[in-house]
Amino acid sequence: MAGPKITHVSVTPVAVLDAPLLNASGVHEPYQLRSVIEIDTDAGLSGLAEAYGDDPTLANLRAAAPALVGVDVFDLNELNRRVALALGAVTPGSPTELVGRASRQKTVAQTYGAFEVACYDAQGKATDLRVCDLLGGAVRDSVPYSAYLFYRWAKHPEHAVPDDYPEDDWGAALDPDGIVTQARRMVDTYGFGSLKLKGGVFEPEAEVEAIAALRDAFPDLPLRLDPNANWSVATSLRVTPRLEGLLEYLEDPTEGNPGMAEVARKTTLPLATNMCVTSFEEIPEAAALDSVAVVLSDHHYWGGFRASQRLAGICDTFGWGLSMHSNTHLGISLAAMTQLAAATPNLTYACDTHSPWQREEIIEPGALRWSQGSLAVPEGPGLGVELDRDALARLHEQYLACGLRSRDDKTAMLRADPSWPTHRPRF
Ligand code: GKR
Ligand code: MG
C-alpha cells in the first residue's frame, strides 16, 4: 500500500524572545533560534516539525530537503537513507556543547529526526491517528514535566538588546531566596510536581544551599541539579555527600563516561545524563563503565521518535531510568515530546521543558493544556497542533532582524563580563 509522497519541504528559521538564563556555558542571548519544518504531500496533507535554528543545523536540513521529494511518509527507512546520502561527509556539529560530543552519526540523526517527526505528523493526518497511537499506543493520557529553574539576571545587558526589547517580569534569581521565589511561581502557575535547578553557574556549595532551600520550601517535591559537567571529579566527590538524600538524581556533574563512572562509584546518588550518553555510539562505554543510572532522551538529536524508542528499550535492558531533556523550544517540539513520552512505558521521571521561559508561540492556541504540571496529550491527528502562519511570518522577520545565526552563550557572557572564566570544568 502506498502512502502520501513528499512533494515539497520547507525550512523556516525563526527567532524567539529568550530570558537571560545562566548556565555552565555563559548566558542565554536575547533570542533563541529555532526552525520550522513543513512537508507537503501529493495527498494534500502536510507534516510539521521543529528543530534547532542555528546556521549549521539549517545548512544540513536544507542540504537534505530536496532529496526527500518522492519519499512516502510511511517509508522512514528510505527517508533515513536519503538524508544520510544527502549529508555525505558532513562536518559533525552541535548547536551547544551542553548536549555532548558531536559526531557524524549524531549530526545525521539530528537532521533525519526533524524530517521523521514531520513524516509522523503527516502519517497521523493520513490515518486520523495521534503520533502516540502510531508509536505503539498511549500508556498515559498526560505527561508530567518538571519545573526548570535557572539562575538568571533580571534583564539582558543593555548592549545586547534594542531599546524597545520587551524584558520579562521574572526578575533576578542569583541566590537561594531568588531560586525559591522562582520555583514558587512556577509551581503555582503550572503545578509542577518536581524541580530541576540548572547548576554549574556558581560555586558548588552555593548551589547546594539553593537545593537545601528548595528542600525546605518544597518538602514533598523531588529535586534535581544539573551542573552541565562544570565540576571536576574531585569537586563532584567533595559535593555529592551534601546532596545525598536531597536529590532524585544529579545530572552530569562531570564530563565524560570515565569521570562520571568514578563519581558514580563513590556516591549513592543516581547520576543522570544528557551529555555523556547522547548517541548510540556512546552506550557501550557507559554500560561497560557503569557511569550513569538515568538517561535523558531527546528526539531532536537521538534521531527522532523511533530512535528514542530504541533508546528506551536499551535503558530498560540495562536497568537505567529514562527522563527527557529539553533545550529552548516552541509548541511543535513540545507536542512532539509529549506524544513520544505518552507512548514510552518506561519513562520513569518527569520530562524537562523550557516552556515557562517561553513568551512567543508558533502554534495555534488551545492544543497544549497544562494541568498539575502535566500536559494532556493533544487530541488532534498527528502531533495535534497547527501552525500559526502569522506567528511564523512574524518570528521569521524577527530572525532576519535580530542578526543572531548561532547559539553562543559564552560570547554573550564575555561581552557582559570580559573577566568571566572560560575554562572547563570551572569548579
Ligand atoms: O537552556 O541553558 C540551557 C540548558 O543548559 C540547555 O541548553 C541544556 O542542554 O537543558 C539542557 C541540559 O539539561 O543540559
Ligand atoms: Mg542536562
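Residues numbered from 1 in each chain as written. Chains lettered and ligands numbered in written order. Predicted model: local features only at pLDDT ≥ 70, side-chain atom pairs only at ≥ 80, totals over all residues. Heavy atoms only, no water.

1. Focus on the domain arrangement of the protein
The extent of an interface is frequently quoted as the accessible surface area lost upon association of the parts.
Line of reasoning, step 1. Split by domain assignment, the protein resolves into domain 1 (6–132 + 389–402) and domain 2 (137–376).
Line of reasoning, step 2. Once you take the C-alpha centre of each, domain 1 and domain 2 turn out to be 22 Å apart.
Line of reasoning, step 3. Every contact between the two is made by 50 residues of domain 1 and, on the other side, 57 residues of domain 2.
Line of reasoning, step 4. Buried area between domain 1 and domain 2, both sides added, is near 4300 Å², and the carbon and sulfur share of it is 61%.
Line of reasoning, step 5. It is L17, L22 and C132 that lose the most area in domain 1 upon contact with domain 2, and together they represent 16% of the buried surface on that side.
Line of reasoning, step 6. Applying the counting criterion to the domain 1 and domain 2 interface returns three salt bridges.
Line of reasoning, step 7. E360 is the salt-bridge partner of R394, the closest N and O atoms lying 3.2 Å from each other.
Line of reasoning, step 8. The interface formed by domain 1 and domain 2 holds 23 residue pairs in polar contact (both at pLDDT 80 or more) in total. (Domains from an automatic or database assignment. Contact = heavy atoms within 4.5 Å. Buried area = accessible area lost by both parts, 1.4 Å probe. Salt bridge = Lys/Arg side-chain N within 4 Å of Asp/Glu carboxyl O. Polar contact = N/O pair within 3.5 Å; in protein donor to acceptor, adjacent residues only side chain to side chain.)

2. Describing the pattern of salt bridges
Line of reasoning, step 1. Under the criterion given, the structure shown has 20 salt bridges.
Line of reasoning, step 2. Where R101 meets E282, a salt bridge forms, and the shortest distance between an N and an O atom there is 3.7 Å. Placement of R101 in the loop between α2 (76–87) and α3 (104–127) and of E282 in the loop between β10 (271–273) and α9 (283–289) is noted, with a sequence separation of 181 residues between them.
Line of reasoning, step 3. For E282, a relative accessible area of 5% corresponds to the buried category.
Line of reasoning, step 4. Among the salt bridges present, the one from D168 reaches R152, with a minimum N-O distance of 2.8 Å. Of this pair, D168 sits in the loop between β6 (142–150) and α5 (176–190) while R152 sits in the loop between β6 and α5, placing them 16 residues apart in sequence. Summarising the burial analysis for this pair, D168 and R152 share the class buried. (Helix = DSSP H or I, 4+ residues; strand = E, 2+ residues; numbered from the N terminus. Buried < 20%, exposed > 50% of the residue type's maximum accessible area, 1.4 Å probe, protein only.)

3. Thoughts on the sheet that holds strand β1 (residues 6–17)
Line of reasoning, step 1. One open sheet accounts for three strands, arranged β1-β4-β5; its pairing is antiparallel. Sheet topology places β1 and β5 (46–52) at the edges, where each strand pairs with a single neighbour. Within this sheet the neighbouring strands show an average axis-to-axis angle of 20°, counted without direction.
Line of reasoning, step 2. Of the strands in this sheet, β1 and β4 (31–41) are in contact with helix α13 (residues 389–402), which crosses β1 at around 65°. (Pairing = 2+ DSSP bridges. Axes fitted to C-alpha atoms, helices over the stretch in contact; angles between N-to-C directions.)

4. Describing the coordination of the magnesium ion (ligand 2)
Line of reasoning, step 1. Bound to the magnesium ion (ligand 2) are the protein donor atoms D226 (OD), E251 (OE) and N274 (OD1), situated 1.9 to 2.2 Å from the metal.
Line of reasoning, step 2. Along the chain, the residues donating to the magnesium ion (ligand 2) fall in the pattern D-x24-E-x22-N. One end of the pair, E251, is in strand β9 (residues 249–251); the other, N274, is in the loop between β10 and α9, with 23 residues separating them in the sequence. Per residue, the accessibility class of E251 equals that of N274, and both read buried. (Donors = N, O, S within 2.8 Å, 3.2 Å for Na, K, Ca; no water.)

5. With respect to helix α1 (residues 55–64)
Line of reasoning, step 1. Along α1, the residues classified as buried are T57, L58, N60, L61 and A64. Down the axis, α1 shows its buried residues gathered within 160° of arc, on one side only.
Line of reasoning, step 2. Where α1 is buried, its residues touch β1, β4, β5, α2, α3 and α13. (Arc of directions from axis to C-beta.)

6. Some thoughts on the site of ligand 1
Line of reasoning, step 1. Near ligand 1, the surroundings consist of 17 residues, among which N23, H28, Y148, N327 and H354 are the closest.
Line of reasoning, step 2. Interatomic distance of 3.1 Å between a side-chain N/O atom of E251 and an oxygen atom of ligand 1.
Line of reasoning, step 3. Of all the elements in the fold, those that place two or more residues in the shell around ligand 1 are β6 and β7 (195–198).
Line of reasoning, step 4. By residue class, the composition of the shell around ligand 1 is four nonpolar, eight polar and five charged.
Line of reasoning, step 5. Inspection of the shell around ligand 1 shows a minimum of three residues originating in each of domain 1 (6–132 + 389–402) and domain 2 (137–376). (Near = heavy atom within 4 Å. Nonpolar A, V, L, I, M, F, W, Y, C, P; charged D, E, K, R; others polar.)

7. Details of the packing of α1 against α2
Line of reasoning, step 1. It is the contact of α1 with α2, at a shortest axis distance of 8 Å, that shows an interaxial angle of 115°. Regarding α1 and α2, the two cross each other, and that crossing is right-handed. Only V83, A86 and L87 of α2 make contact with α1, whose side of the interface consists of N60, A63 and A64.
Line of reasoning, step 2. For the contact of α1 with α2, a count of residues per class yields five nonpolar, one polar and no charged. (Left-handed = near helix turned anticlockwise from the far one by under 90°.)

8. So, the pairing of strand β12 (residues 321–324)
Line of reasoning, step 1. Both faces of β12 are covered, namely the face carrying G321 and S323 and the face carrying L322 and M324.
Line of reasoning, step 2. In this structure, strand β11 (residues 294–297) lies alongside β12, joined through four bridges in parallel fashion. Directly across from V295, in β12, lies its bridge partner L322.

9. Examining the packing of aromatic side chains
Line of reasoning, step 1. For the structure on display, the rule yields 13 aromatic pairs.
Line of reasoning, step 2. Here the aromatic cluster, defined as three or more aromatic residues joined through ring pairs, consists of Y145, Y190, F192 and W370.
Line of reasoning, step 3. Here the guanidinium or amino end of R310 rests over the ring plane of F280, the centre of that ring lying 4.0 Å away.
Line of reasoning, step 4. Positioned above the aromatic ring of Y399, the side-chain terminus of R405 is 3.9 Å from the ring centre. (Phe/Tyr/Trp six-rings, centres within 6.5 Å; stacked < 30°, edge-to-face > 60°. Lys NZ or Arg CZ within 6 Å of the ring centre and 35° of its normal.)

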